[in-house]
Amino acid sequence: IDFLGIAAIFIWLRMLNVFGLDQNFGPLVKVIQGMVLNVVVFLVLLTIFLAGFATSLKCIFKRQAGLNLEAVHKLNLDSYENQAYSMLSLLDMSLGNFALVDLFSVSELA
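Residues numbered from 1 in each chain as written. Predicted model: local features only at pLDDT ≥ 70, side-chain atom pairs only at ≥ 80, totals over all residues. Heavy atoms only, no water.

Take the overall build of the protein next. Looking only at helices and strands, one finds four helices and zero strands in the protein. Secondary structure elements in the protein, listed N-terminal to C-terminal, are α-α-α-α. (Helix = DSSP H or I, 4+ residues; strand = E, 2+ residues; numbered from the N terminus.)

Moving on to helix α3 (residues 83-94). Over its twelve residues, α3 runs 16 Å from end to end, which matches the ideal 16 Å to within 8%, given 1.5 Å per residue. All of the buried residues in α3 are Ser86, Ser89 and Leu90. Each buried residue of α3 sits inside an arc of 95° when the element is viewed along its axis, so together they form one side. The first or second residue beyond α3 is Gly96, which carries a positive phi of 105°. (Expected span 1.5 Å × (residues − 1). Buried < 20%, exposed > 50% of the residue type's maximum accessible area, 1.4 Å probe, protein only. Arc of directions from axis to C-beta.)

Written out as structure tokens, the structure is:
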């Protein structure tokens, strides 16, 4: 790990405190701090919702796979085999990378 790169991040964060004392940069630093707080709150809420929906989809798809229905074997459910993959798939879909064709493509196991 490059500790100098990590230290540079903390040095620039420290410089923000110094710039906060300036008459011109002070209000801008306050705005940046407020935006960072809002982004952190959003990421926490996004993580909670992703975890909830990932858990429900994982349980639904595992239950359907256990029923041995013929239509289920045509679905590609590899992305929902555990909690982490389900969350990453949902995050990827929420960023716009979603196509029903990928879901209904034939799985290698089928």
